[in-house]
Amino acid sequence: MDQENVSATLTVAVSAARVFAVLADPTTHAAIDGTGWVQESVDRAPLTEVGQVFRMDMYHANHPHGDYRVANKVHVLDPPRAIGWRTGTEKDDGRLEFGGWFWRYDLVPLGPSETEVTLTYDWSAVPQSVREYLRFPPFAPEHLTNSLRHLAELVSGK
């Protein structure tokens, strides 16, 4: 596969500011996730700056331990237009290591109460050594669409 990212787009009937606020709240991420892997946010503070780290407890049946924790580092924060983070792990000594993939949401206001949301998963910086044991993307194509649908339900209060 030459393509090293996947994305999906959905229009929601709320303001970009409302969508951004939900995405910047790590406690909402388990409800948004389309795979069911995200279990709970460890860090509950809103995402307010590039470089901020937030951790998530995860579960995946094919993970060596089943339960695991990821560390995410915000690398895009442009309220209310874009938010994104790199995902990795935190070592016992507190050092962060990232695998080369990131998540990004781009928000385009279509009016005062309508927003086009694009979710992108990009693995273009994953080293070959990781690609030898992990398949990318590591989820089915409908994951992104499911996540956007969950986000739409959350922001609209349905």
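Please read all numbers here as calculations on a predicted model, not as lab measurements.

Rules and cut-offs
- Residues numbered from 1 in each chain as written.
- Predicted model: local features only at pLDDT ≥ 70, side-chain atom pairs only at ≥ 80, totals over all residues.
- Heavy atoms only, no water.
- Salt bridge = Lys/Arg side-chain N within 4 Å of Asp/Glu carboxyl O.
- Buried < 20%, exposed > 50% of the residue type's maximum accessible area, 1.4 Å probe, protein only.
- Helix = DSSP H or I, 4+ residues; strand = E, 2+ residues; numbered from the N terminus.
- Contact = heavy atoms within 4.5 Å.
- Phe/Tyr/Trp six-rings, centres within 6.5 Å; stacked < 30°, edge-to-face > 60°.

A. Molecular detail of the pattern of salt bridges. Counted according to the given criterion, the structure contains seven salt bridges. Where R95 meets D93, a salt bridge forms, and the shortest distance between an N and an O atom there is 3.6 Å. By relative accessible area, D93 is classed as exposed at 58%. Across the salt bridge formed by R95 and E97, the nearest N and O atoms sit 2.5 Å from each other. Classification of R95 as partly exposed rests on a relative accessible area of 44%. Each of the salt bridges in this network shares a partner with another, and the network as a whole consists of K91, D93, R95 and E97.

B. Broad picture of the environment of H75. Looking at the element boundaries, H75 is found in strand β4 (residues 67-78). The class for H75 is partly exposed, based on a relative accessible area of 22%. Separated by 65 residues in sequence, H75 and L10 have C-alpha atoms that sit 23 Å apart. Excluding anything up to four places from it in sequence, H75 contacts V50, G84, W85, R86, F102 and W103.

C. Region of the structure containing the packing of aromatic side chains. Overall, the coordinates contain eight aromatic pairs when judged by the stated rule. Ring geometry for W103 and Y121: centres 4.6 Å apart, planes at 55°, overall tilted. Within this pair, whereas W103 is found in strand β6 (residues 96-111), its partner Y121 is found in strand β7 (residues 114-122), the two being separated by 18 residues in sequence. Note on W103: relative accessible area 17%, which makes it buried. Aromatic pair W103 and F139: ring centres 5.7 Å apart, planes at 25°, arrangement stacked.

Note that all results are geometric; they support no functional claim without further evidence.
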